[in-house]
Amino acid sequence: FCPPFQGFWALANAGVKTIDSINNPEMAAKVQFEAIDATAMDSVQVLWDWLFPIEAMGCKVKIPEFGTIGTVSHVINSTEDAENLEIPDFRKFYRCASAFKSADILIDRYGKDHYTIAAIPGPFTIAGELRGVETLLYDCMMDPESVEVVMKKALEIGKVLLEMYSELDVDAINVGDPTTSGDMMC
């Protein structure tokens, strides 16, 4: 038993604001301890701020009081933007540093007797966040060549993330790509 993204609901359930959990990864991990221990989860999602790369790539985001951080502006407006987009050192980004600190604390506590999972966005979700989901879906129909360029950049980002995530001592890396869902694509 492991509910998806238990991180954000556990924080909200404990009354911990999203920004406070980022600013204090030790407290964020402690809140997870309480939720995990109270529900007897078999597995633990140790890294739940899975869209941190989007802000690190230059998109503006809105950090809600509670819950998942949403993208409000995009950085790819043309194929040239995609080709020229530089991938930063994610480790130096504040949300990444916080997420990995919380993950390390949770892995230290639960890694021996729980199945540990880190969540990572899939390439189409990355592309949608960088380009805008509606625009990307429109491009799929009207300008598929541009989608290839955007997807190539999203795959580069995904490879960098997978390399970084592979250093975590987790049992699984869950690649979630909800933007490819049937509801979005049909």
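Residues numbered from 1 in each chain as written. Predicted model: local features only at pLDDT ≥ 70, side-chain atom pairs only at ≥ 80, totals over all residues. Heavy atoms only, no water.

(A) Spotlight on the side chain of Lys 153. With respect to the helices, strands and loops of the structure, Lys 153 is situated in helix α9 (residues 144–165). The residues touching Lys 153, leaving out its near neighbours within four places in the chain, are Ala 82, Glu 83 and Leu 85. (Helix = DSSP H or I, 4+ residues; strand = E, 2+ residues; numbered from the N terminus. Contact = heavy atoms within 4.5 Å.)

(B) Summary view of the environment of Ile 69. With respect to the helices and strands, the residue Ile 69 is situated in the loop between β2 (61–62) and β3 (70–71). Taking C-alpha positions, Ile 69 is 7.6 Å from Leu 51, a pair spaced 18 residues apart along the chain. In this structure Ile 69 touches Thr 18, Ile 22, Asp 49, Leu 51, Val 61, Lys 62, Ile 63, Pro 64 and Arg 95, once residues within four positions along its chain are discounted.

(C) Structural context of a negative patch on the surface. The grouping of Asp 104, Asp 108, Asp 169 and Asp 171 at the surface amounts to a negative patch. Considering the arrangement of structural elements, one finds Asp 171 in the loop between α9 and β5 (172–176). Using a relative accessible area of 43% as the deciding quantity, one classes Asp 171 as partly exposed. (Patch = residues over 30% accessible without salt bridge, like charges linked within 9 Å, V, L, I, M, F, W, Y side chains within 5 Å. Areas by Shrake-Rupley, 256 points an atom, 1.4 Å probe, with all protein chains shown as cover. Salt bridge = Lys/Arg side-chain N within 4 Å of Asp/Glu carboxyl O. Lys, Arg positive; Asp, Glu negative; His and termini not counted. Charge placed at Lys NZ, Arg CZ, Asp CG, Glu CD. Buried < 20%, exposed > 50% of the residue type's maximum accessible area, 1.4 Å probe, protein only.)

(D) Structural context of the packing of helix α1 (residues 6–13) against helix α3 (residues 25–39). The N-to-C vectors of α1 and α3 enclose an angle of 90°; their axes lie 9 Å apart at closest approach. Here α1 is positioned roughly perpendicular relative to α3, judged by the angle of their axes. Packed against α1, whose contacting residues are Gln 6, Gly 7, Trp 9, Ala 10 and Leu 11, the element α3 presents Ala 28, Val 31, Gln 32 and Ala 35 at the interface. (Axes fitted to C-alpha atoms, helices over the stretch in contact; angles between N-to-C directions. Parallel < 35°, antiparallel > 145°, perpendicular 65-115°, else oblique.)

(E) Fine view of empty space enclosed by the protein. Here the structure, examined in full by the defined rule, presents one cavity of 30 Å³ or more. Forming the walls of the largest cavity are 15 residues, and the residues nearest its centre are Ser 21, Ile 22, Trp 48, Asp 49 and Ser 98. Ranked by residues supplied to the lining of the largest cavity, first place goes to helix α6 (residues 94–110) with four residues. Of the residues that constitute the lining of the largest cavity, the class distribution is nine nonpolar, four polar and two charged. (1 Å grid on protein atoms, 1.4 Å probe; cavity = no way out; pocket = protein on both sides within 12 Å on 5 of 7 lines; lining within 4 Å. Points joined across faces, edges and corners; volume = space filled by probe spheres on them. Nonpolar A, V, L, I, M, F, W, Y, C, P; charged D, E, K, R; others polar.)

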